[in-house]
Amino acid sequence: MSCTQIALENFKDTFSTAIELSSVALGGQIISVSDEFFAEAFHLLLVEPAPSLKGQFGPKGALFSGWETRRHNPSYDWCIIKLGTTGSISGFDIDTSHFNGNEAPQASVDILYCADDAPAPQADDPRWEELLPKVNLGPSSRHLFTVPPSKCVNYVKLNMYPDGGIARFRVYGLVAPIFPSDTSVVFDLAHVFSGGRVVYTSDQHFGVGSNLILPGRGKDMGDGWETKRSRAKGHKDWAIIKLGDAGYLSLVEIDTAHFMGNFPESCELHALRSDELVPSDVPEDRWTLILPRTKLGPHRRHFFQLENVDGKPYTHIKITIYPDGGIKRVRVLGRRAAPINADGDAQAAHPADEIADDGGSGAASERVDGAKNASFAPGPLIPALPLTPEAFAPFGKVVQAYADVNAVPDPRNTRVTGANQGTATKFHKLALLESSYPAGSGATAGLSVYRCKPIDVKPGGEWEVKLLERHPCTNQAFIPMGGGIGLADALEEPGTTYLVIVAKNGADDKPDLGTMRAFVASAGQGIVYDTGIWHHPMAVLHKTMDFTCVETQIGNGDKLDCEVVDLDGTAGYYRVKVPS
């Protein structure tokens, strides 16, 4: 088997678009080892570079961050590694950093594939095939090698001759993608196990871009993508992700876990269909904006519905952050651009639930461009996403407490103090009350209570949006009240989640349905609809809930209090997909 040694300065050109298949971040693990007397083999797969432990000693001698075996082996030492995922191998980084005088003089690598439910291979398994022939290693240096792409394998055996130390061992290649068998299933097309690759970053000073598509949420800021601080006005950084397959995109999750003082102020997403692996020179006007510039918050998962994606398959997405900072993960959810199954995606709509047309306001309703007996053809389907302050910002405010006071929205301007002699934490003025009623209208501010029965929709079902309302002269808050066992009229088992469905006002002074968004709020979250924002009447899920409503109103059914419109269902009502 042939191999080519690569100069260290050519690392980026050679391996920047490959996946480190052996990394512990992907689930790589040491299976067995011939010897690890001086330093344990698990160090080989660590993400961070090997530190110097010069001058530090343990019971067995000098300490090293790496794998080191006893002296005087008459043959060779070996270490069997299970890769984080099955893939085709194209290269290696064998790093002997800080091993000087005790480094392994030579190494080779064997490979095989073994089913996950079968016993792990042993060192003498006849199925091992040599991929990297015996190569020479030197002291305290990185040794890069490329090989012709291998068949798909999930085990490697690192051999060192005859003994000694290796600090890090990195196996590079391409993932064998794991796709759902049903092509209508929505999944993360950017995930490393789906074949996603980060193929370009403008900067990765503190954390590499390839971390964006790793499994899980990581353990600290070190396993995210973080750029250096910018000082230039209008600065931005960006990363390009090649999806595992062309797909029809629907929503994105942007996770800033652990980034609290250094998360980006905002971000935007563009998408492209291209046959190029790295479309870094594509003109800006060829990229389609799928998420307008949107504020981000610290240490949280943000969920956003995407725009300009209907019926258009894409192969790449570009995430741009302003002005700089760190992001932990990017999840791009969609379905593969392949023929869907014979049944298609559409499901039968649920019958209308009995919510009063006035949403509890007493206002009369009007219909938007349609008759009462509109047809029931399925309309557009929008996902109900977890409620976050940043995603809800175009429509109103989220009122909630935060487990970590450093994770509040807009932390430079949100005041957090202790209260009640140290028994409470106060998050000040998360939303302000608004009123623009004409003088002499008789409007007053007050508190009302809504006891809301659950709408008729099951987990994983769909809810048709047949009407929306707005309050032209006031914002309106709904705060879940909880319950209590044996406490008079309190709910003994109140619900824990409710739907929030909103839309902006259109040029015709009616709801702009293209801006409709849906969220799932928890009982620990209150919402404040901005003045004039169209919204669905309160829609709780599965169990009855009580809410305190804070608003200003005249209280006589006047349109200054509330306007309600029945939506036109001729082409099908918008439907909200409720999480399973």
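Residues numbered from 1 in each chain as written. Predicted model: local features only at pLDDT ≥ 70, side-chain atom pairs only at ≥ 80, totals over all residues. Heavy atoms only, no water.

Before going further, it helps to spend a moment on the overall build of the protein chain. In terms of helices and strands, the protein chain carries two helices and 41 strands. By principal-axis analysis of the C-alpha atoms, the protein chain measures approximately 95 × 65 × 55 Å. A total of 580 residues make up the protein chain; the buried ones form 49% of that total. Accessible area of the protein chain: about 26,700 Å², with a carbon and sulfur share of 51%. Charge centroids of the protein chain, computed over 54 positive and 70 negative side chains, lie 4 Å from each other. (Helix = DSSP H or I, 4+ residues; strand = E, 2+ residues; numbered from the N terminus. Buried < 20%, exposed > 50% of the residue type's maximum accessible area, 1.4 Å probe, protein only. Areas by Shrake-Rupley, 256 points an atom, 1.4 Å probe, with all protein chains shown as cover. Lys, Arg positive; Asp, Glu negative; His and termini not counted. Charge placed at Lys NZ, Arg CZ, Asp CG, Glu CD.)

Let us look at the pattern of salt bridges. Evaluated as defined, the whole model comprises 26 salt bridges. For Asp93, the salt bridge identified is with Arg142, shortest N-O distance 2.9 Å. A residue pair is termed long-range when its members are at least 10 positions apart, and Asp93 in strand β7 (residues 77-95) and Arg142 in strand β10 (residues 142-146) qualify at 49 residues. Its relative accessible area of 1% is what places Asp93 among the buried residues. Judged by its relative accessible area of 35%, Arg142 falls in the partly exposed class. For Glu307, the salt bridge is made with Arg517, and the minimal N-O distance between the two is 3.4 Å. With Glu307 in the loop between β20 (301-305) and β21 (313-322) and Arg517 in strand β35 (residues 511-522), this residue pair connects regions lying 210 residues apart in the sequence. By relative accessible area, which is 31% here, Glu307 ends up partly exposed. Members of the salt-bridge network, linked through shared partners, are Glu265, Arg293 and Lys295. (Salt bridge = Lys/Arg side-chain N within 4 Å of Asp/Glu carboxyl O.)

Attention now goes to the pairing of strand β23 (residues 329-336). The pairing of strand β14 (residues 187-188) with β23 spans two bridges and is classified as antiparallel. Bridging across to β23, Asp188 finds its partner in Leu333. With eight bridges joining them, strand β17 (residues 237-255) and β23 adopt antiparallel strand pairing. Bridging from a neighbouring strand, Asp255 pairs with Arg329 of β23. (Pairing = 2+ DSSP bridges.)

Right, let's get into the nonpolar core. Ranked by size, the top nonpolar core spans 83 residues in total, and within it Ile89, Phe92, Phe169, Leu249, Ile254, Ile317 and Phe392 carry the most contacts. If you look at the next biggest cluster of nonpolar residues, it comprises 21 residues, including Ile382, Leu541, Leu567 and Val576. (Core = buried A, V, L, I, M, F, W, Y, C linked by side-chain atoms within 4.5 Å.)

With respect to the helices and strands, His535 occurs in strand β37 (residues 534-535). Accessibility expressed as a relative area gives 2% for His535, which makes it buried. At 3.1 Å, the side chain of His535 forms a polar contact with the backbone oxygen of Ile533. Setting aside anything within four residues of it in sequence, one finds His535 in contact with Leu468, Glu469, Arg470, His471, Gln476, Ile501, Val502 and Tyr529. (Polar contact = N/O pair within 3.5 Å; in protein donor to acceptor, adjacent residues only side chain to side chain. Contact = heavy atoms within 4.5 Å.)

Our next topic: the packing of aromatic side chains. In the structure shown here, the tally under the stated rule is 16 aromatic pairs. With a centroid separation of 6.3 Å and an interplanar angle of 70 degrees, the aromatic rings of Phe478 and Tyr529 are classed as edge-to-face. Of the two residues, Phe478 sits in strand β33 (residues 476-480) while Tyr529 sits in strand β36 (residues 526-529), which places them 51 residues apart along the sequence. Tyr529 carries the same exposure label as Phe478, and that label is buried. Ring-pair connections join several aromatic residues into one group, and the members of that group are Tyr450, Phe478, Tyr498, Tyr529 and Phe547. A cation sits over an aromatic face here: Lys157 above Trp128, 5.8 Å from the ring centre. One residue, Arg293, lies across the ring of Tyr322, its end atom 3.8 Å from the ring centre. (Phe/Tyr/Trp six-rings, centres within 6.5 Å; stacked < 30°, edge-to-face > 60°. Lys NZ or Arg CZ within 6 Å of the ring centre and 35° of its normal.)

Here the focus is the environment of Val252. Within the secondary structure, Val252 is located in strand β17. Leaving out residues up to four positions away in the same chain, Val252 has contacts with Leu269, Leu291, His302, Phe303, Phe304, Leu306, Val330, Arg331 and Val332.

Turning our attention to the confidence of the model for the protein chain. A low pLDDT means the predicted coordinates there should not be read in detail. Summarising the model, the protein chain shows a mean pLDDT of 92, and 93% of its residues fall at 70 or more. Segment residues 340-375: pLDDT under 50, and 73 contacts once partners within four positions in sequence are set aside and those in other chains are kept. (pLDDT = per-residue confidence, 0-100.)

With that settled, the discussion passes to the environment of Val135. Within the fold, Val135 resides in strand β9 (residues 129-136). Considered as a pair, Val135 and Asp546 are 411 residues apart in the sequence and their alpha carbons are 71 Å apart. Not counting residues up to four positions away in its chain, the partners in contact with Val135 are Cys3, Pro105, Gln106, Ala107 and Phe145.

Pairing in this open sheet of five strands is antiparallel, and the strands run β26-β36-β33-β39-β29 from one edge to the other. Strand pairing shows two members of the sheet lacking a second neighbour, β26 (396-399) and β29 (444-452), which therefore form its edges. Here the average twist between neighbouring strands, direction ignored, is 20 degrees. Looking at chain direction, β29 and strand β39 (residues 545-553) are connected through nine bridges and run antiparallel. (Axes fitted to C-alpha atoms, helices over the stretch in contact; angles between N-to-C directions.)

To continue, consider unusual backbone geometry. Across the junction of Tyr161 and Pro162, the peptide omega takes the value -15 degrees, indicating a cis bond. Tracing the backbone shows Pro162 in the loop between β11 (152-161) and β12 (165-166). In this chain, Tyr322 is followed by Pro323 through a cis amide linkage whose omega measures -20 degrees. Relative to the elements of secondary structure, Pro323 occurs in the loop between β21 and β22 (326-327). Although it is not a glycine, His72 sits at a positive phi angle of roughly 65 degrees. Judged by relative accessible area, His72 falls into the exposed class, the value being 71%. One non-glycine residue, His98, adopts positive backbone phi at about 75 degrees. Take His98: it is sitting in the loop between β7 and β8 (106-112). Look at His98 and you get partly exposed, because its relative accessible area is 33%.

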